[in-house]
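Overview (structure and organization)
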Amino acid sequence: MTLGGAILARAWTRLGPQFLPFADAATPELPVGRLMRLSLFQVSVGLAAALLIGTLNRVLIVELGVSAGLVAAMVSLPLLFAPFRALIGFRSDTHRSVLGWRRVPYIWFGSLMQFGGLAIMPFALILLSGDSNGPVWAAHVAAALAFLLVGAGMHMVQTVGLALAADLAPPRSLPRVVALLSVMLLLGMLVAGLLFGALLMEFSQLRLIQVIQGSAVATMLLNIVALWKQEARDPSRTRGRGDGPGFMESWRQLRGTGPWRRRLVAVALGTAGFSMQDVLLEPYGGQVLGLGVAATTTLTALFALGGIIGFIGGARAIGRDVDAYRVAGTGTLLGALAFALVIFAAPMESAVVFGVGTLAVGLGAGCFAHATLTAFMTAAPQGQVGLALGAWGAAQATAAGVAIAMGGFLRDGIAALADAGGLGAALITPATSYCTVYGIEIVMLFATLVALGPLVQWARVDQARLPSRFGVAESRTAP
């Protein structure tokens, strides 16, 4: 090797982690190959989310002529399972198995639910579009069953998959592992959305069947590879678990270890504050700022990019021993400032300000989600990681679903009131309804800061309890 080549090689070795922000997430206990395989369960969840939330909305309403209200009802059905994520996590903590597996059975059955729902979904949707001689109720039941199966499978796979990651990752690398898994979810959604759009550019019912059933096969393959040789078979670990406390007793025990109710309130408020705009940013850009379809489409990419930066920044801050709740508060405050930018973009008629605001919203949301998820992982006592992560997922998913629906209804109601002159002549503009919703989100984010404040003092308790899941002495004494 020449001298110049040696210098370049040494320089790349030093600069590599800067360009690969998750390179230091791998550890001897969880090598990079095994970690990347494990992250594939998040890709499968992102694929299903992109299909349900993004692609099928347009296909059902535009190409198949299904009413928008019925489509919204079907897409929202998976949220019915969100509150059960805490129960799913608890069951994976206490599962009895002669093989010694706790997490694998639940991820496997969640994968089967996703596969089954996606396998029957295209035919159910064709019935739903009216292209059959069958009764209407049969089409509704079939479509509801398909969406419910996919939603239940997604919630089960993600909840227990994150619990498995917490089991495998050592404490020092846990924040970076969580960030990597979160980024893989976003990447899965982005890649799947682009792929679905390209495959369905020339739409036909046969092509729709092929795309959705191909997604079912991809889901199974991704999750099988993700699970392969991840959890060790240890029958002694699950022997006698059936005689332990039930779900409610375990939840009472968990609540006795810290301010879990306040933690859940903070997660719900923050998630709702960031989520009300999910269906409003693109219409706001088109209706208020006059942006074209191509320009508003880039908003999704900007939001996702901001989320990735937020995950990476949050992971690095927590990795430098910054309290996770302080990181969550920083993301929340950044989100409030970002929504202010989005509001000011209307009177300034500035697409640039709007784009910067959208990027900052994603950054704040990513930072908040990563920090709260890490905080729940590290605060969970031994044997209750799944329950804690399930509680986080239940609060997060339920709050997001309710907030998205509230954002849409509030926008429509305020727009109708403004157009009728009920708010005064000065507010008869398209921006009134959108900016009102964004203002409500700012208020909710400041309420989140109030909820997060007292949690900072519990940082030392969480750090003292962190090693308990890895065989080191446990501390439960509050400061």
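Residues numbered from 1 in each chain as written. Predicted model: local features only at pLDDT ≥ 70, side-chain atom pairs only at ≥ 80, totals over all residues. Heavy atoms only, no water.

A short note on the overall build of the protein
The condition is simple: Secondary structure is summarised from DSSP: a helix means a run of H or I of at least four residues, a strand means a run of E of at least two, and numbering begins at the N terminus for each. What makes two residues a contact is simply this: any of their non-hydrogen atoms within 4.5 Å. The Shrake-Rupley method, run with a 1.4 Å probe, gives the accessible areas here. Residue values count only the displayed protein chains as cover.
Helix and strand content of the protein: 19 helices and zero strands. Across the protein, the fraction of contacts at a sequence separation of at least 24, relative to all contacts at a separation of at least 6, is 84%. Carbon and sulfur atoms provide 69% of the accessible area of the protein, an area that totals close to 21100 Å².

Description of a nonpolar patch on the surface
Where we set the bar: Each patch groups residues whose relative accessible area exceeds 30% and which form no salt bridge, using 9 Å between like charges and 5 Å between nonpolar side chains of Val, Leu, Ile, Met, Phe, Trp and Tyr. Any carboxyl oxygen of Asp or Glu that lies within 4 Å of a side-chain nitrogen of Lys or Arg is treated as forming a salt bridge with it. Partly exposed describes any residue whose relative accessible area lies between the buried limit of under 20% and the exposed limit of over 50%, with all areas from a 1.4 Å probe on protein chains only and scaled to the type maximum.
Taken together, the side chains of Trp-108, Phe-109, Leu-112 and Ile-224 present a nonpolar region at the surface, about 360 Å² in accessible area. The dominant element in the nonpolar patch, judged by the number of residues it contributes, is helix H6 (residues 104-128), at three residues. Within the element layout of this structure, Trp-108 appears in helix H6. Using a relative accessible area of 35% as the deciding quantity, one classes Trp-108 as partly exposed.

A short note on the nonpolar core
Just so we agree on the cut-off: What we call a nonpolar core is a set of buried Ala, Val, Leu, Ile, Met, Phe, Trp, Tyr and Cys residues that are connected through their side-chain atoms within 4.5 Å.
Within the largest apolar cluster, 79 residues are counted, with the highest numbers of intra-cluster contacts made by Leu-56, Met-121, Leu-125 and Ile-212. The contact partners of Leu-56, leaving out residues within four places of it in the chain, are Leu-51, Met-121, Leu-125, Phe-147, Leu-208 and Ile-212. Counting residues in hydrophobic clusters, the runner-up holds 44 residues, among them Leu-280, Leu-289, Ile-343 and Val-361.

Quick word on the packing of helix H15 (residues 324-348) against helix H16 (residues 351-379)
Heads up, the rule is: Axis definition: a line fit to C-alpha positions, over the contact stretch in the case of helices; interaxial angles, taken between N-to-C directions, run 0 to 180 degrees. Angles are sorted into four bins: roughly parallel if under 35 degrees, roughly antiparallel if over 145, roughly perpendicular if 65 to 115, and oblique for all others. A crossing counts as left-handed when the near helix is turned anticlockwise from the far one by less than a right angle, and as right-handed when that turn is clockwise. Each residue gets one of three labels, nonpolar for Ala, Val, Leu, Ile, Met, Phe, Trp, Tyr, Cys and Pro, charged for Asp, Glu, Lys and Arg, and polar for the others, Gly among them.
Two numbers describe how H15 lies on H16: the axes approach to 7 Å, and their chain directions differ by 160 degrees. Judged on the interaxial angle alone, H16 and H15 are roughly antiparallel. Crossing geometry of H15 relative to H16 is assigned as left-handed. Residues belonging to the contact of H15 with H16 are distributed by class as follows: 21 nonpolar, six polar and no charged.

Some points on the environment of Gly-355
Looking at the element boundaries, Gly-355 is found in helix H16. Using a relative accessible area of 14% as the deciding quantity, one classes Gly-355 as buried. The sequence separation of Gly-355 and Leu-302 amounts to 53 residues, and the corresponding C-alpha distance is 7.4 Å.

What about helix H11 (residues 247-255)?
Keep this limit in mind: Think of it as the arc spanned by the lines of direction from the helix axis to the C-beta atoms.
Within the span of H11, buried status applies to Ser-250, Trp-251 and Leu-254. Along the axis of H11, the buried positions cluster into a sector of 100 degrees, meaning they face one direction only. Lining the buried residues of H11 we find helix H5 (85-94), helix H12 (260-275) and helix H17 (385-419).

Topic: the environment of His-155
In this fold, His-155 is placed in helix H7 (residues 136-168). Distance in space between the C-alpha atoms of His-155 and Phe-81 is 7.2 Å, their sequence separation being 74 residues. Excluding residues that lie within four positions of it along the chain, His-155 makes contacts with Pro-78, Phe-81, Ala-82, Arg-85 and Ala-397.

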